[in-house]
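# Survey of secondary and tertiary structure
Okay, here's what each chain looks like letter by letter:
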Amino acid sequence: MSNLANIYAELLRKYGENYTITYSPPPSYLVKLIGAREAAAKIILIYHENRKGATTTTPTKLILRSERRVATDSALDLTGSPLKDDCIVDAIGDLSIDLNIVNRNPWKPEEEYHRGQLADKARAIICTEQFQQGDGLGSVWFLCDGSDFGQTLMLQYEFNPTHFSRGIVQYSGVLPSYMVTSQSLVRQHGMTAGTPLETYIENCYQVNPHMMLRFNWSTSAPLPLLVDLSACNVILNQTFRVGDCGPLTDDFLNQLKILVYIREDIVSYYIDEKAGVSRDPVYRCGSGIDMDELRESINKTMTEVSGFTDVFTDGHAENDIEEVVQQAKLRRVTDLTDKLWELLKCCSSYKDLKIAFNLLFQCAVRCNIVNMPTNKNRLAEIISNLANSRLAMPCLSGAEPLELLLEIGLEKVYKDYEFIFTESKVCSISLLKGSGTTTEPDPSNDLPKLRKSLHNAVRGDQTQNGGAGIRKTLLHHTADSKQSGTKFQNDDMSGFKNSSFDEHDSMTSISKLFQIHSTLEHILMIHINLNLPNVYADVCTQLLSKPPRQLEGIDDQLSDVVEIQLSAHYVREHLDGKDPHSRQITMKSQNKFRELSTTFYFNVENICPPELAQCFQSDDKELVKERTYHAWLYRKIRTLK
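Now for a quick tour of the structure. (Residues numbered from 1 in each chain as written. Predicted model: local features only at pLDDT ≥ 70, side-chain atom pairs only at ≥ 80, totals over all residues. Heavy atoms only, no water.)

### Considering the overall build of the protein
If you tally the helices and strands in the protein, you get 19 helices and 15 strands. Here the analysis covers contacts within the protein between residues at least 6 apart in sequence; of these, 74% occur between residues at least 24 apart. (Helix = DSSP H or I, 4+ residues; strand = E, 2+ residues; numbered from the N terminus. Contact = heavy atoms within 4.5 Å.)

### Digging into helix 8 (residues 291-303)
An ideal rise of 1.5 Å per residue puts 18 Å on 13 residues; helix 8 measures up with 18 Å between its terminal C-alpha atoms. By the burial criterion, the buried members of helix 8 are Leu294, Ile298, Thr301 and Met302. Buried residues of helix 8 fall within an arc of 90 degrees about the axis and therefore sit on the same side. Seen from the open side of helix 8, the exposed residues pointing more than 90 degrees away from its buried face are Asp292, Glu296 and Lys300. Each element contacted by the buried residues of helix 8 is listed here: helix 10 (336-344), helix 11 (350-366) and helix 12 (378-387). (Expected span 1.5 Å × (residues − 1). Buried < 20%, exposed > 50% of the residue type's maximum accessible area, 1.4 Å probe, protein only. Arc of directions from axis to C-beta.)

### Some details on the side chain of serine 165
Tracing the chain through its elements places serine 165 in strand 8 (residues 163-176). Side-chain polar atoms of serine 165 contact the side chain of glutamate 158, separated by 3.0 Å. Once residues within four sequence positions are removed from consideration, serine 165 is found in contact with Tyr157, Glu158, Lys636, Ile637 and Arg638. (Polar contact = N/O pair within 3.5 Å; in protein donor to acceptor, adjacent residues only side chain to side chain.)

### What to know about the nonpolar core
Inside soluble globular proteins, nonpolar side chains tend to come together where they are buried. Grouped together as the largest cluster of nonpolar side chains are 113 residues, with contacts concentrated most on Leu213, Phe215, Ile262, Phe421 and Ile526. Of all the elements, helix 13 (residues 400-423) adds the most residues to this core, at twelve residues. Not counting residues within four places of it along the chain, the set of residues in contact with leucine 213 comprises Asn203, Cys204, Tyr205, Val207, Val234, Ile235, Leu236, Leu530, Leu566, Val571 and Leu575. Counting 24 residues, the second-largest nonpolar core is a separate cluster that includes Leu33, Ala39, Leu153 and Cys615. (Core = buried A, V, L, I, M, F, W, Y, C linked by side-chain atoms within 4.5 Å.)

### Observations concerning helix 11
Along an α-helix, residues three or four positions apart point the same way, because every turn accommodates 3.6 residues. Between its terminal C-alpha atoms helix 11 stretches 25 Å, which fits the 24 Å expected from 17 residues at 1.5 Å a residue. On the buried face of helix 11, the contacting elements are helix 8, helix 10, helix 12 and helix 13.

### Let's talk about the packing of helix 13 against helix 17 (residues 503-529)
Contact pair helix 13 / helix 17: the axes reach a minimum separation of 11 Å and the direction vectors enclose 25 degrees. As summarised for this structure, helix 13 and helix 17 are arranged roughly parallel, according to the angle between their axes. In terms of crossing hand, the pair formed by helix 13 and helix 17 is left-handed. Contacts between helix 13 and helix 17 involve Leu406, Leu410, Val413, Tyr414, Tyr417, Ile420 and Phe421 from the first element and Ser506, Ser509, Ile510, Leu513, Ile516, His517, Thr519, Leu520 and Ile523 from the second. (Axes fitted to C-alpha atoms, helices over the stretch in contact; angles between N-to-C directions. Parallel < 35°, antiparallel > 145°, perpendicular 65-115°, else oblique. Left-handed = near helix turned anticlockwise from the far one by under 90°.)

### Topic: the pattern of salt bridges
Applying the stated criterion to the full structure yields 22 salt bridges. For aspartate 120, the salt bridge is made with arginine 123, and the minimal N-O distance between the two is 3.6 Å. Here arginine 123 and aspartate 120 lie together in helix 4 (residues 119-126), a separation of three residues that amounts to about one turn. For aspartate 120, a relative accessible area of 59% translates into the label exposed. Two residues, lysine 339 and glutamate 304, come together in a salt bridge whose shortest N-O distance is 3.8 Å. Here lysine 339 is found in helix 10, whereas its partner glutamate 304 is found in the loop between helix 8 and helix 9 (321-330), with 35 residues between them in sequence. Residue classification places glutamate 304 among the partly exposed residues on the basis of a relative accessible area of 31%. Among the charged side chains, a network of salt bridges with common partners joins Arg331, Glu342, Lys345, Lys412 and Asp416. (Salt bridge = Lys/Arg side-chain N within 4 Å of Asp/Glu carboxyl O.)

### Description of unusual backbone geometry
Positive phi values are uncommon outside glycine, yet glutamine 151 reaches one of about 50 degrees. The residue lysine 425 is not glycine, and still its phi comes out positive at about 60 degrees. Along the polypeptide, lysine 425 turns up in the loop between helix 13 and helix 14 (429-433). By relative accessible area, lysine 425 is classed as partly exposed at 33%.

### With respect to the packing of aromatic side chains
Under the counting rule described, the total for this entry stands at 15 aromatic pairs. Residues phenylalanine 131 and tyrosine 157 carry aromatic rings whose centres are separated by 5.3 Å and whose planes lie at 70 degrees to one another, so their mutual orientation is edge-to-face. Taken together, the residues phenylalanine 131 in helix 5 (residues 129-132) and tyrosine 157 in strand 7 (residues 152-159) connect sequence positions 26 residues apart. Like phenylalanine 131, the residue tyrosine 157 is buried in the burial classification. (Phe/Tyr/Trp six-rings, centres within 6.5 Å; stacked < 30°, edge-to-face > 60°.)

### Some words on the pairing of strand 14 (residues 594-603)
Among the ten residues of strand 14, eight are classified as buried, and the element is accordingly described as predominantly covered. Relative to strand 14, strand 13 (residues 582-590) runs antiparallel, the two being bridged by nine bridges. Each residue of the ladder has a partner; that of threonine 586, found in strand 14, is threonine 599. Hairpin remark: strand 13 followed by strand 14, antiparallel, with three residues in the connecting loop. In terms of strand pairing, strand 14 meets strand 15 (residues 628-640) through ten bridges, oriented antiparallel. Its bridge partner being in strand 15, threonine 598 is matched across the sheet by arginine 635. (Pairing = 2+ DSSP bridges.)

### What about the environment of methionine 507?
For methionine 507, the location among the structural elements is in helix 17. Overall, the relative accessible area of 12% leaves methionine 507 in the buried class. In this structure the C-alpha to C-alpha distance between methionine 507 and arginine 263, which are 244 residues apart in sequence, comes to 8.1 Å. Apart from residues no more than four positions distant in its own chain, methionine 507 is found in contact with Arg263, Gln550, Leu551 and Glu552.

### Focus on the environment of serine 430
Within the fold, serine 430 resides in helix 14. Separated by 3.2 Å, the side chains of serine 430 and serine 428 make a polar contact.

### Let's talk about the pairing of strand 6 (residues 138-143)
Most of strand 6 sits inside the fold, with six of its six residues counted as buried. Of the pairings in the sheet, the one linking strand 2 (residues 43-49) to strand 6 comprises three bridges and is parallel in character. If you follow isoleucine 46 over to strand 6, its bridge partner there is phenylalanine 142.

Structure, rendered in structure tokens:
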């Protein structure tokens, strides 16, 4: 038994000139209508395609930047009003207003070109003997135009070796919410008397365009409850877009973007160097600072007493997460390299950055450093050695200034997030570090290497030709171990190095930091829109325990989509008495010879492109004052062959 590839090839050969035929994942509107359990990974879809005009047929939503933050209100309507116009008409012509144009359509842009065919033509193809004798396993779907009496939207023929299976999707029009009852749905399902009924229900409540609460459960009751906020599974779907980052957290995200740009410039420099291109690295993240002012700031930073860290809590009080984020932006930085990150990142070019490091090293040699660094990074080690006259003043070259800046930046940004999560008491430090951050190695793990290195230092390693090797020391061993894990490293440099860079490790560290930032954004979204402080620790555990997604870069189009498990009692009071934004109710009944499945789908908005079928061209929804739903019905019958 093969998949649908052979059937797809045969259909393409026979009907490819008259129809558009694809063998791919199902369109988004079909997945919503029939449910993820019923939708296969790949289907054959037969439809017409109309690309006249080369533009989408529906407008995007215009959103003012001030509207991105939803106000907290006890009377918050989580479902939204289908009759409310969210577009501010007066703002369209005002070019001085900062508009963020976002595509909020529930379908994909390419699906706007889909057009249906007559249902009778699709049935004629399905009823041919040659079509039904195809050898495969899976479903073929025909997109219809809904012009018939039953407003048929799609027809399904499922190839199965043991069962004869067909399905139909019909558009039921616009219905007031009070007409969605168990009695009417059971009546439409049309089950045989005495046959047990199994019902699967999923209700979705839209908090805002980026947040959706999904309640799902199953029941065998003859008249199932269509709304149940107690005995059900609750999943919060959230999407954080980098371009939607608000003023509360944009400072931390901007720091993260700077680290990404520094890493990109380092990688680009080494790639060009490997290709034989000789050039200076590029630094493009700073706004510029006067060198005299920078010299004075460095001298002041290294010679003044840091003082104590600000104490914002008494150790027992619960801190509001928003307040803690504000405190993190204003907190007093105590470590020397953290302060230097704030200064050095302002340099406007690579030349200025190199000069800034020279000023820093000169100050470390000549001044009496009061604020000795406590961080464990390479720059802190250099400053300590210079201050104690254990090292000659280094002369940085190549990508070394960028590498030192990247290392201290990674540590400073991590400390910012560590402050937020620990002060707000929503996450432990061990969970925050996870597996993506560097930890101190266990000395016991290095004992075998130490003994081997000492042994090799006495007898020397054997060369490939069998001769005696050079005498190796612990310094050689350290250099070799670093070099084996570093992609970009000069082969002739061993022992003491001004800096080091590993492409993979740096990407992993930045990816972990973005995961931490995304977790913070998700918690803030829950806090602002739902105010559920009891779930924050559990949300951190769910999100931070996953391995971070490896990122090469961060731009405004990057998004983080998560599914968060919640307990129903946390959100019950927010939803009590409110109609769901969408409903999907699937009823199944069967006997020895036949299985009948009926899926009812209701949504306050039309999830199909309006030009998809003729049945969507009416304005019935605009004439009804009550809460209304667009309704679809998917019926599938399976019988033994």
